[in-house]
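What the coordinates show
The chain contents come next:
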Amino acid sequence: MIKILEFYLALIIARCAYMGIRLLNKSSGTSFVGMLTLKICPDFLAHCSKYVRKKIVTVTGTNGKSTTSGLVAHILEKANQKVIHNLKGANMLTGVANVFALSVEPFKRYDYAVIESDEAYLTKLYDYMKSDYLVVTNLFRDQLDRYGELNTTAEFIKNAINKNPDLKLILNADDPIVATFDRTKYAVYYGFENVEYDCTYEHKSNAPSEVFNCLCGNPLQYSKQFFAQQGHYFCSKCGYKRHKCDYPADVKVFNDYSVITVQNRGDAYEFRVNLAGLYNAYNALAAIAFAFENGLNQEEIQKALDDYKAIFGRTEKRIINGNPAVIQLIKNPTGASEVLKTVDLKSNIVIAINDNYADGRDISWLWDSDFEQLKEAEKLVITSGIRANDMATRLKYAGIPQEKILVEPNIKKAIELATTNGKTTILPSYTALLKINKEKL
Ligand SMILES: [Zn+2]
């Protein structure tokens, strides 16, 4: 009884706090409201499951979890389902608590919860909330200072998986680490059989490839390598190899969209995805696999893909100073290298890098990201944010002529300067993006 009172008290206080924050016109208050909620009622999330009638879907992975979970939620909504979803990339426990605290009402029920979860927080989330599905997009090197090595992250996820007796997994077959998660569970796989680039596609080179080791320690070999460790891998020592796909697909990548053909139980279905880059084709394929697995049809899925707008800066188009601007979040080497392939080299470019906690304090990832792609940039490349100088040094080593690099640590000024003259591409780190949104640029 006391527990239930705590829960309702947390709900009421969370809403008052949220309204207070809005009145004061402070930031969106996402983490503060969530923190307060969990302080008042530590097992708040355990009470939330009963507000979801059908399924709880979680999405994790290094890159693409926001886009993938956003697509999954949008597809379900388009199919007339009531969905609760942590839309703004607030994927730690406080962010999830925040969205439930501000959405749950005593007599209202949702059909689905679609929760994007940080890899390291997934196991904590599952302590309170059991999940029906887990979609895992990929595992790359990311913010090493916070999580340690990739294997540690994989262990976090495996622990989390073992806490859910009835969890169904939807896994990327092309990622050799993700594909090891199925040992004890029902799992379905998606992946690309063939990747083709349209002849007009301007940026074909692959992200810098590292050597990826099999669990047995032997280097993996590839018959096809699409980017980073994604592809058709095999180990000549222990025999580990890419899993057969339940939803195999072919993709043709164009400059700002892709066409994906997905096999579902013997039939082929074509989809157009209005997001740039192969990495987004992977995100869309993950969402399509989830949708097919849950009995949705091609028409319902395509309807959602047609009007899906990239959320919260992961490829966002705006007009700034009367000129078009494209904003694309960058946060780790593999993701950044993929984004860099899609940059319009005729545009002005602003790269804004912070090293606050949420960005990861360690900025060595800048050195592993393929900024060499910007060598042929025609206009100025402005570096900005707390680490504007480090970014400028990185560009110098990437072969960009000194006279084309301008350092302006103030993000607002940097963007104002760039957008006075034609199209601009803005590449911010996570908290730099928050800053851009707060300044309402
Ligand atoms: Zn092996």
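Figured I'd write up the structure that's included with this text.

About the cut-offs
Residues numbered from 1 in each chain as written. Predicted model: local features only at pLDDT ≥ 70, side-chain atom pairs only at ≥ 80, totals over all residues. Heavy atoms only, no water. Axes fitted to C-alpha atoms, helices over the stretch in contact; angles between N-to-C directions. Helix = DSSP H or I, 4+ residues; strand = E, 2+ residues; numbered from the N terminus. Parallel < 35°, antiparallel > 145°, perpendicular 65-115°, else oblique. Left-handed = near helix turned anticlockwise from the far one by under 90°. Contact = heavy atoms within 4.5 Å. Nonpolar A, V, L, I, M, F, W, Y, C, P; charged D, E, K, R; others polar. Patch = residues over 30% accessible without salt bridge, like charges linked within 9 Å, V, L, I, M, F, W, Y side chains within 5 Å. Areas by Shrake-Rupley, 256 points an atom, 1.4 Å probe, with all protein chains shown as cover. Salt bridge = Lys/Arg side-chain N within 4 Å of Asp/Glu carboxyl O. Donors = N, O, S within 2.8 Å, 3.2 Å for Na, K, Ca; no water. Tetrahedral: all angles 85-135°; square planar, octahedral: opposite > 155°, others 65-115°. Buried < 20%, exposed > 50% of the residue type's maximum accessible area, 1.4 Å probe, protein only.

**Examining the packing of helix α4 (residues 65-78) against helix α10 (residues 298-307)**
Packing of α4 against α10 leaves a shortest axis separation of 8 Å and a crossing angle of 120 degrees. By the angle between their axes, α4 is oblique relative to α10. For α4 against α10, the interelement crossing comes out right-handed. On the side of α4, the interface is formed by Leu71, His74, Ile75 and Lys78, while α10 contributes Ile301, Lys303, Ala304, Leu305 and Asp307. Of the residues that constitute the contact of α4 with α10, the class distribution is five nonpolar, one polar and three charged.

**Some details on the environment of leucine 167**
Looking at where leucine 167 falls in the secondary structure, it is placed in the loop between α8 (150-162) and β5 (168-172). Placed 265 residues apart in sequence, leucine 167 and alanine 432 show a C-alpha to C-alpha distance of 36 Å. For leucine 167, the residues in contact, after removing those within four places along its chain, are Tyr126, Ser131, Asp132, Tyr133, Leu134, Ile161, Lys185 and Tyr186.

**Remarks on a nonpolar patch on the surface**
Residues Met1, Ile2 and Leu5 make up a contiguous nonpolar surface patch of roughly 400 Å² in combined accessible area. Within the secondary structure layout, leucine 5 lies in helix α1 (residues 2-23).

**Thoughts on the coordination of the zinc ion**
A metal bound by six donors in octahedral fashion has ideal angles of 90 or 180 degrees, whereas one bound by four tetrahedral donors has an ideal angle of 109.5 degrees. The protein atoms donating to the zinc ion are Cys214 (SG), Cys216 (SG), Cys235 (SG) and Cys238 (SG), with metal-donor distances spanning 2.2 to 2.3 Å. Taken together, the four donor atoms coordinating the zinc ion span angles of 104 to 116 degrees at the metal, a pattern that classifies the geometry as tetrahedral. We note that the donor set of the zinc ion lies within a single chain, spaced as C-x1-C-x18-C-x2-C. Here cysteine 214 is found in the loop between β6 (186-197) and β7 (221-227), whereas its partner cysteine 238 is found in the loop between β8 (230-234) and β9 (247-253), with 24 residues between them in sequence. The class of cysteine 238 is partly exposed, set by a relative accessible area of 46%.

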